[in-house]
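Architecture at a glance
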Amino acid sequence: MMLNKVIITKTSKDIKDVLISPSKTIKEIYFVITGKGYNITVLMSGLLGQEYYKTHGHFHKSMSAEIYQCLFGQGILLMQRNDEQGEAKEFKVVTLVVGKTVVVPSGFGHAVVNTGKNFLVVLDNSSSDPIDHDYKTVEEKSGFAYYIVEKRGEIVFEPNPTYRVHAQITTE
């Protein structure tokens, strides 16, 4: 039986448009193993400047929910819903630990951030078809409403200055 799997490598250059301060050094940030009806994302640990390694982040053009499951490591799943002007209307944060399953509601953009000291591995049930992903909305604002950064050893939510409105951060 032939399985259609593809491994996609994303570097700091690929996500430079959504970083608080783009890195001049090119580093491998994450890998995505795509399959039929699922993806496995392996996110390295580390910092680009003060910002934790993260996925690019995107919205979906289809209006369906997406399910994420943490298989290894620890991190944060960011979820953001925008208003008609592209400002953050809701901003949700979910801590990821092994075994945690999270439903990303329809209409929410999302990204994964590795705040741990090891790999972060997540499984999702999204289509890997690029036609279903909207990266441009995230790029136009240089990322989501908050950057996840390290300051004095602590995880800090730094407001993204391209947003006029910063929704209150809610946790699940």
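Before reading on, note that the structure itself is shown above.
Residues numbered from 1 in each chain as written. Predicted model: local features only at pLDDT ≥ 70, side-chain atom pairs only at ≥ 80, totals over all residues. Heavy atoms only, no water.

Now for the overall build of the chain. Along the backbone of the chain there are one helix and 16 strands. Here the C-alpha atoms of the chain give a radius of gyration of 15 Å, agreeing with the 16 Å that 2.2 N^0.38 yields for 172 residues. Each of the 172 residues in the chain was classed as buried or not, and the buried ones make up 44%. Entry remark: accessible area of the chain is about 9100 Å², with carbon and sulfur atoms responsible for 54%. Where the 19 positive side-chain charges of the chain centre and where its 19 negative ones centre are 3 Å apart. (Helix = DSSP H or I, 4+ residues; strand = E, 2+ residues; numbered from the N terminus. Rg over C-alpha atoms; globule rule 2.2 N^0.38 Å. Buried < 20%, exposed > 50% of the residue type's maximum accessible area, 1.4 Å probe, protein only. Areas by Shrake-Rupley, 256 points an atom, 1.4 Å probe, with all protein chains shown as cover. Lys, Arg positive; Asp, Glu negative; His and termini not counted. Charge placed at Lys NZ, Arg CZ, Asp CG, Glu CD.)

This part covers a nonpolar patch on the surface. Together, Leu-71, Phe-72 and Phe-119 give the surface a local cluster of nonpolar side chains, amounting to about 260 Å² of exposed area. Checked against the element boundaries, Leu-71 lands in strand β7 (residues 66-72). (Patch = residues over 30% accessible without salt bridge, like charges linked within 9 Å, V, L, I, M, F, W, Y side chains within 5 Å. Salt bridge = Lys/Arg side-chain N within 4 Å of Asp/Glu carboxyl O.)

Another point: the sheet that holds strand β16 (residues 169-171). Spatially, four strands are ordered β11-β8-β9-β16 in an open sheet, and the strand pairing comes out mixed. In this open sheet, the two strands that pair with only one neighbour each are β11 (109-113) and β16. Pairs of neighbouring strands in the sheet enclose a mean axial angle of 25°, with direction left out of account. Relative to β11, strand β8 (residues 75-82) is paired through five bridges, and the arrangement is antiparallel. The residue of β11 that forms the bridge with Met-79 is His-110. (Pairing = 2+ DSSP bridges. Axes fitted to C-alpha atoms, helices over the stretch in contact; angles between N-to-C directions.)

With six bridges joining them, strand β14 (residues 146-151) and strand β15 (residues 154-159) adopt antiparallel strand pairing. Within β15, the residue paired with Tyr-146 across the bridge is Pro-159.

Quick look at the pattern of salt bridges now. For the coordinates displayed, the defined rule picks out eight salt bridges. The salt bridge involving Arg-81 is made with Glu-90; its shortest N-O contact spans 2.3 Å. When its relative accessible area of 26% is taken as the criterion, Arg-81 is described as partly exposed. For Glu-90, a relative accessible area of 26% gives the class partly exposed. Of the charged contacts, one joins Glu-87 and Lys-141 as a salt bridge, the two residues approaching to 2.7 Å between their closest N and O atoms. Separated by 54 residues along the polypeptide, Glu-87 in the loop between β8 and β9 (88-96) and Lys-141 in the loop between α1 (136-140) and β14 bring together distant segments of the chain. Take Glu-87 and Lys-141: they sit in the same class, and that class is buried. One network of salt bridges, with partners in common, ties together Glu-87, Lys-141 and Arg-164.

Ranked by size, the top nonpolar core spans 39 residues in total, and within it Leu-77, Phe-91, Leu-96 and Val-112 carry the most contacts. Secondary-structure elements contributing two or more residues to this core are β2 (28-35), β7, β8, β9, β10 (101-104), β11, β12 (120-124) and β14. It is β9 that contributes the most residues to this core, five residues altogether. Those residues within four positions of Leu-96 in sequence are excluded, and the remaining contacts are Cys-70, Gly-73, Gln-74, Gly-75, Ile-76, Leu-77, Val-102, Val-112, Leu-120 and Val-122. (Core = buried A, V, L, I, M, F, W, Y, C linked by side-chain atoms within 4.5 Å. Contact = heavy atoms within 4.5 Å.)

Worth remembering: the numbers are spatial, not functional.
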